[in-house]
Amino acid sequence: MNMKSNIVFFILILTTFNLHAEDGHNLWLRAKSTGSVNIVCERRSSTLDIAKQELEQSWQGKDGAKLVLTVKKDKAIKYDGFKLSDNEVQANTELGILYGVYELLRRQQTGQTIQNEISNPSYERRVLNHWDNLDGSIERGYAGRSIFWHDNEKGYAVTDKEKNLWKEYARANASIGINGAVLNNVNSSKLMLTPQCLEKVKAIAEVLRPYGIKTYLSVKFSSPSLIGGLKTSDPLNPEVIKWWKDKVKEIYKIVPDFGGFLIKASSEGQPGPQDYGRSHADGANMMADALKPFGGIIMWRAFVYEANSKDRACQAYKEFMPLDGKFRDNVIIQVKNGPVDFQPREPFTPLFGAMKKTSVMPELQITQEYLGHSIQLVFLATMWEEFLKSDTYQEGVGSTVARTTDGSIFPQKHTAIAGVANIGLDTNWSGHHFAQANWYAFGRMAWNNQLTSEKIADEWLKQTFSPKEEKAENSNVSDWQKNFLIPVKQIMLESREAAVHYSMPLGLHHIFAGIKNTHYGPGPWFAPKGTRIDWTPPYYHKADSTGIGFDRTTKGSGAVSQYHEPLSSQFENPATCPEIYLLWFHHVPWDYKMKDGRILWDELCYTYEKGVNEVRQFQKDWDKIQPYIDAQRFSDVQSKLRRQCRDAQIWKDGCILYFQQYSRRPIPFDIERPVYDLNYLMKTDLYDILK
Ligand code: GCV
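Calculation notes
- Here the residue numbers are simple positions, counted from 1 along each chain's written sequence.
- For this predicted model, a pLDDT threshold of at least 70 governs which residues receive local features, and a threshold of 80 or more governs which side-chain atom pairs are given and counted, while totals over whole chains, interfaces and linings are taken from all residues.
- The basis for every side-chain value is the complete set of non-hydrogen atoms in the structure, without hydrogens or water.
- Side-chain atoms within 4.5 Å are what join buried Ala, Val, Leu, Ile, Met, Phe, Trp, Tyr and Cys residues into a set we call a nonpolar core.
- Partly exposed describes any residue whose relative accessible area lies between the buried limit of under 20% and the exposed limit of over 50%, with all areas from a 1.4 Å probe on protein chains only and scaled to the type maximum.
- By the criteria applied, helices consist of DSSP H or I runs no shorter than four residues and strands consist of E runs no shorter than two, each listed in order from the N terminus.
- When checking whether two residues touch, look at their non-hydrogen atoms; a contact exists if any pair is within 4.5 Å.
- For helices, the fitted axis covers only the stretch in contact; all axes are lines through C-alpha atoms, and the angles between them, taken along N-to-C directions, range from 0 to 180 degrees.
- Note on angle classes: values under 35 degrees are labelled roughly parallel, values over 145 roughly antiparallel, values of 65 to 115 roughly perpendicular, and the remainder oblique.
- The handedness criterion is simple: a crossing whose near helix is rotated anticlockwise from the far helix by less than a right angle is left-handed, and one whose near helix is rotated clockwise is right-handed.
- Charged means Asp, Glu, Lys or Arg here, nonpolar means Ala, Val, Leu, Ile, Met, Phe, Trp, Tyr, Cys or Pro, and polar covers whatever is left, Gly included.
- When at least one non-hydrogen atom of a residue lies within 4 Å of a molecule or strand, that residue is treated as near it.
- N or O atoms closer than or at 3.5 Å make up a polar contact, with two conditions inside protein: a donor-capable atom paired with an acceptor-capable one, and, for residues adjacent in sequence, both atoms drawn from side chains.
- Methods summary: accessible areas were calculated by the Shrake-Rupley approach with a probe of 1.4 Å, and residue burial reflects only the protein chains presented.
- One bridge is not enough; two strands pair if DSSP finds at least two bridges between them.
- Multiplying 1.5 Å by the helix residue count minus one yields the expected span of that helix.
- Each pair of aromatic rings taken from Phe, Tyr and Trp, with Trp reduced to its six-membered ring, is defined by centres within 6.5 Å and is described as stacked if the planes are under 30 degrees apart, edge-to-face if over 60, and tilted in the remaining cases.
- Throughout this description, the term salt bridge denotes a Lys or Arg side-chain nitrogen within 4 Å of a carboxyl oxygen of Asp or Glu.

### What to know about the nonpolar core
Inference 1: Grouped together as the largest cluster of nonpolar side chains are 205 residues, with contacts concentrated most on Phe261, Trp300, Trp439 and Phe659.
Inference 2: Here the element with the most residues in this core is helix H19 (residues 631-663); it accounts for 12 residues.
Inference 3: Excluding residues that lie within four positions of it along the chain, Phe659 makes contacts with Leu508, Ile511, Pro524, His541, Ala543, Ile548, Trp590, Trp601, Leu604 and Tyr608.

### Points about the packing of helix H4 (residues 160-175) against helix H5 (residues 195-208)
Inference 1: Two elements in contact, H4 and H5, have axes separated by 9 Å at closest approach and are oriented at 50 degrees. Classified by the interaxial angle, the pair formed by H4 and H5 is oblique. Judged by the sense of rotation from one axis to the other, the crossing of H4 with H5 is right-handed. Here Glu162, Lys163, Trp166, Lys167, Tyr169 and Ala170 of H4 come into contact with H5, specifically with Lys200, Ala203, Ile204, Val207 and Leu208.
Inference 2: Counted by class, the contact of H4 with H5 contains seven nonpolar, no polar and four charged residues.

### Some points on the site of the ligand
Inference 1: Taken together, 15 residues form the shell around the ligand, and within it Glu139, Lys264, Arg301, Lys336 and Glu369 come nearest.
Inference 2: A distance of 2.7 Å separates an oxygen atom of the ligand from a polar side-chain atom of Arg301.
Inference 3: Within the contact set of the ligand, an oxygen atom lies 2.6 Å away from a side-chain nitrogen or oxygen of Glu369.
Inference 4: Protein contacts shield 96% of the accessible area of the ligand, which totals 340 Å² for the unbound molecule.
Inference 5: Residues of the shell around the ligand, tallied by class, amount to four nonpolar, three polar and eight charged.

### A closer look at the pairing of strand S12 (residues 359-365)
Residues in a regular strand project their side chains so that they alternate between the two faces of the sheet.
Inference 1: The buried fraction of S12 amounts to seven of the seven residues, a majority that puts the element mostly inside the structure.
Inference 2: The two faces of S12 match: Ser359, Met361, Glu363 and Gln365 on one face and Val360, Pro362 and Leu364 on the other face are all buried.
Inference 3: Bridging between strand S11 (residues 331-336) and S12 involves five bridges; their strand directions are parallel. Opposite Ile332, over in S12, you have Ser359 as the bridge partner.
Inference 4: In this structure, S12 lies alongside strand S13 (residues 416-420), joined through three bridges in parallel fashion. Note that in S13 the partner of Leu364 across the bridge is Gly419.

### Overview of the side chain of Thr349
Inference 1: Inspection of the secondary structure puts Thr349 in the loop between S11 and S12.
Inference 2: If near-sequence neighbours (up to four positions away) are discounted, Thr349 is found in contact with Val335, Lys336, Asn337, Gly338 and Pro339.

### A few points about the sheet that holds S11
Inference 1: Within the closed barrel, the eight strands sit side by side as S6-S7-S8-S9-S10-S11-S12-S13. Their pairing is parallel. Strand-to-strand twist in this sheet, taken as the mean axis angle between neighbours without regard to direction, amounts to 25 degrees.
Inference 2: Here helix H8 (residues 280-291) sits on the sheet in contact with strand S9 (260-263), strand S10 (297-301) and S11, set at roughly 160 degrees to S10.

### Description of the environment of Trp149
Inference 1: Its place among the elements puts Trp149 in the loop between strand S6 (125-129) and H4.
Inference 2: A distance of 2.9 Å separates the side chain of Trp149 from the backbone oxygen of Leu183, its partner in a polar contact.

### Description of H8
Inference 1: Taking 1.5 Å as the rise per residue, H8 with 12 residues should run 16 Å; its terminal C-alpha atoms sit 17 Å apart, in good agreement.
Inference 2: What H8 keeps buried is the set His280, Ala281, Gly283, Ala284, Asn285, Met286, Met287, Ala288, Ala290 and Leu291.

### A closer look at helix H10 (residues 381-388)
Inference 1: For H10, a buried count of seven out of eight residues is recorded, marking the element as mostly surrounded by other parts of the structure.
Inference 2: All of the buried residues along H10 are Ala381, Thr382, Met383, Trp384, Glu385, Phe387 and Leu388.

### Quick word on the packing of helix H3 (residues 94-110) against helix H13 (residues 453-465)
Inference 1: Their axes nearest at 9 Å, the elements H3 and H13 cross at an angle of 80 degrees. Put simply, H3 runs roughly perpendicular to H13. For the pair H3 and H13, the contacting residues are Arg106, Gln109 and Thr110 in the first and Glu459, Lys462 and Gln463 in the second.

### As for the packing of aromatic side chains
Inference 1: Throughout the structure, instances matching the rule amount to 40 aromatic pairs.
Inference 2: Here the aromatic rings of Tyr99 and Trp447 are separated by 5.1 Å at their centres, their planes lie at 70 degrees, and the arrangement is edge-to-face. Separated by 348 residues along the polypeptide, Tyr99 in helix H3 and Trp447 in helix H12 (residues 436-447) bring together distant segments of the chain.
Inference 3: You can call Tyr99 buried: its relative accessible area is 3%.
Inference 4: Owing to a relative accessible area of 6%, Trp447 belongs among the buried residues under this scheme.
Inference 5: With a centroid separation of 5.9 Å and 80 degrees between ring planes, the pair formed by Trp590 and Trp601 is classed as edge-to-face. Remark: Trp601 occurs in helix H18 (residues 600-624) and Trp590 occurs in the loop between strand S15 (588-589) and H18; sequence separation between them is 11 residues.
Inference 6: Classification of Trp601 by relative accessible area gives buried; the value is 0%.

### As for the pattern of salt bridges
Inference 1: For the structure shown, the criterion picks out 45 salt bridges.
Inference 2: For the salt bridge of Asp289 with Arg328, the shortest nitrogen-to-oxygen distance reads 2.8 Å. On the criterion of sequence distance, the pair formed by Asp289 in helix H8 and Arg328 in the loop between helix H9 (315-320) and S11 is long-range, its members being 39 residues apart.
Inference 3: Looking at Asp289, the relative accessible area reads 31%, which means it is partly exposed.
Inference 4: Since its relative accessible area comes to 37%, Arg328 is described here as partly exposed.
Inference 5: Here Arg312 makes a salt bridge to Asp341, at a shortest N to O gap of 3.8 Å. Note that Arg312 is positioned in the loop between S10 and H9 and Asp341 in the loop between S11 and S12, a separation of 29 residues in sequence. Assigned by exposure class, Arg312 and Asp341 land together as buried.

As structure tokens, this is what we get:
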């Protein structure tokens, strides 16, 4: 074939098989309008212009319908919430109108009806935390380099192409209700507060503003001495106090809607008030006072743990509970969902609900540091739903984490939720097509912390994958729903549990390969001499000839006592402790009888096996959906699933063979035999270190 006939053939193939190449860049915002809409809106502003443009671009309602956008105060509407009916969006603010428009379009695209209803956000601030460094790299980023920062060579220059990308980013966030972005890593650079860097922040903030996204920064607590020429950064020193006041003034001059600071202090080597003998409250309040006149807030992280502590999981509670009630009302304590560190499964951090006189906000991790990077398909909404619905019992039955943080129980001046972003320069933004669903889910749950993961998966799939040329009433759609939507939703909803099964079942945690600190792959054996013990897996699994698991009962580290009754007693007793947390709270003999009658060792093996089988099933199910999806995204996901299957097998083999050295029991004979040698896996690990 010559060149010309080659092209003709290719076009023919494309039309015949309807293979639209989709690279995922459009995220869940692919819908094109199917008719016109007559928009009535008395006001004009850049935010309202966006709302109108979105309607014109993606309207799928009745052709020629009239839609009124009304900005009018209504007491029943909270923050930037909205009132929605078939022909009107009403809100207190222009941003509320924009959110209402996105909701209306989402309903159209996902075939959901609209009754007269009010939708208010669960949290006032719904914030992405970017762990982006000023050199363009991203800590725990798996989707390319930063969309905000370059390598040093390009410095802080801003291009139109970048601005365009930030606009797309802002649009995606606004469409799911995210209204804040911390632009840089919590392990902040001291340069963040220099005038050159702040000029760039100004440029970014200008692009994000019309979409209602406030800009926040992570800054080094010791900035006054690092870049301000002061001898100290002691929060009670008058010069330091003045330095922060001046710096904050300088920021608000160029970013008038600046949101505030996110601070990692006295944590993992970061400077903090404790360096000067002061408390977290002293540090946070000093900065909060500087921000107060401008309406800014401090999000002060509670991610603290000491080397050599008996139990790292106890530390945040110990340090922060005595300070309850001592923080200013524009300080929010930002607490990770679990007491160790974003593990595949953890019980909730006991600070939730326990701090009653202080605003507390959850921090979730969207980027999959411990859940397979952007290699594995793991839908995190099920994990977040489990967390938000966890009952703390702090103010009686029903004091869920959601309710203790969203102002329903405690009168918090500010409410917020944060998610560590998984966004980078990769064409599809998140590295894995399905990792986009985690970004989406974070926004949707931040808006409504009662939403189920099932509903979120359903709407995300419909918007992200439904065939473009089909309209809701077309019969092919039901074909697509039956053969794509239902099975793929099932994969998503089972995916996190599968990851727990093949990596850290029954409450095991932090048993990752430690080499290179990647947090990918198993390393229960990893404990080189001289490494901090709480950075080695044996500290967490404590496997020995008598059994396995971390004793956090009152006879052990006592972590159970940080939970409110009845949880405390429930966790204390292995018979009542949910088995999903068994090895989190207990060191259990290998022949401990599980609820299903198996001994613990067998149960562990069967669970690892189950996890591997689950991913193999995802692989089979994915292959079946090929006719219902574009070729590019089909094969991208297919190839990632292959790698996930291999890596699940490595998890299973590595963990079972390693723990078998202590259990000294056979692997139950009806499960698949390991295919990797333990020595090989351990050496591969070591080999990596030498590379
Ligand atoms: C940004 C864990 C991660 C670090 C992260 C830290 C934090 O330790 O591995 O990369 O640092 O948490 O949340 O501050």
